[in-house]
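Each chain, letter by letter, is given below.
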Amino acid sequence: MTTPTDIDRDAPVIARHEIDIGAPLETVWRLQTDVNGWPAWQTDITAARLDGPFEPGNSFTWTSYGVFTVTSTIYAVAERARTLWGGANLGITGTHEWVYTQTPTGTHVATHESFSGQPVQADATGMQSALDKSLTAWLSHLKATAEATS
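Just so it is clear, the model here is predicted, and its values are computed rather than measured. (Residues numbered from 1 in each chain as written. Predicted model: local features only at pLDDT ≥ 70, side-chain atom pairs only at ≥ 80, totals over all residues. Heavy atoms only, no water.)

A. Expanded view of the packing of aromatic side chains. Applying the stated rule across the entire model yields 14 aromatic pairs. With centroids separated by 6.4 Å and ring planes inclined at 25°, the aromatic side chains of F54 and F60 adopt a geometry described as stacked. Of the two residues, F54 and F60, both sit in the buried class. (Phe/Tyr/Trp six-rings, centres within 6.5 Å; stacked < 30°, edge-to-face > 60°. Buried < 20%, exposed > 50% of the residue type's maximum accessible area, 1.4 Å probe, protein only.)

B. Quick peek at the pattern of salt bridges. By the definition in use, this model includes five salt bridges. Notably, a salt bridge pairs D51 with R49, separated by 2.9 Å at the nearest N-O pair. Judged by its relative accessible area of 55%, D51 is exposed. According to the relative accessible area criterion, R49 is partly exposed, its value standing at 49%. With its nearest N and O atoms 2.6 Å apart, the salt bridge here joins R82 to E97. Pair noted here: R82 is in strand β5 (residues 82–89) and E97 is in strand β6 (residues 92–103), with a separation of 15 residues, a long-range link. Judged by relative accessible area, E97 falls into the buried class, the value being 8%. (Salt bridge = Lys/Arg side-chain N within 4 Å of Asp/Glu carboxyl O. Helix = DSSP H or I, 4+ residues; strand = E, 2+ residues; numbered from the N terminus.)

C. View of the environment of T73. Mapping T73 onto the fold places it in strand β4 (residues 68–78). Relative accessible area serves as the criterion here: at 26%, T73 is assigned to the partly exposed category. For the pair formed by T73 and W85, sequence separation is twelve residues and the distance between their alpha carbons is 5.4 Å. Leaving out residues up to four positions away in the same chain, T73 has contacts with G57, N58, S59, L84, W85 and G86. A polar atom in the side chain of T73 sits 3.0 Å from the side chain of S59. (Contact = heavy atoms within 4.5 Å. Polar contact = N/O pair within 3.5 Å; in protein donor to acceptor, adjacent residues only side chain to side chain.)

Remember, this is a structural readout, not a statement about activity or role.
Below, the structure is given as structure tokens:
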């Protein structure tokens with residue numbers, strides 16, 4: 001398998017969301033790349049475990065909503081600028097990109113994720129809604145936590 005360098009732009013479900021956070025880029029980056037710390041601030045994630053550094057080739061296992069567990073592989077990391085990871089579970093393949101930009105008032109975060117696989121094709125509308133809701137919540141939790149700790 002070829003290591004992805006981007007989300008799957010041909011996937012039946014693609015979500016794009018962004019937010020401005022009134023916190024330093026370093027704070028946002030630390031929260032996002034400390035996978036083991038996710039459950040402390042990202043309430044939809046009930047477990048997360050990365051053994052080793054957040055770098056390409058390493059994998060982490062995480063559970064959303066207490067029921068959906070996936071092992072994601074880190075495909076790309078550009079320090080304080082971009083991360084790309086992905087994984088598959090229950091026939092769904094997800095590839096998730098995060099882009100971080102320092103702004104005069106803090107940090108701009110853009111996230112893009114693709115979903116593909118038979119379950120996605122069977123219910124693209126439902127999967128789109130679920131993915132949009134998940135990413136919007138993630139960004140809201142990230143913003144609240146980063147701004148509270150800055």
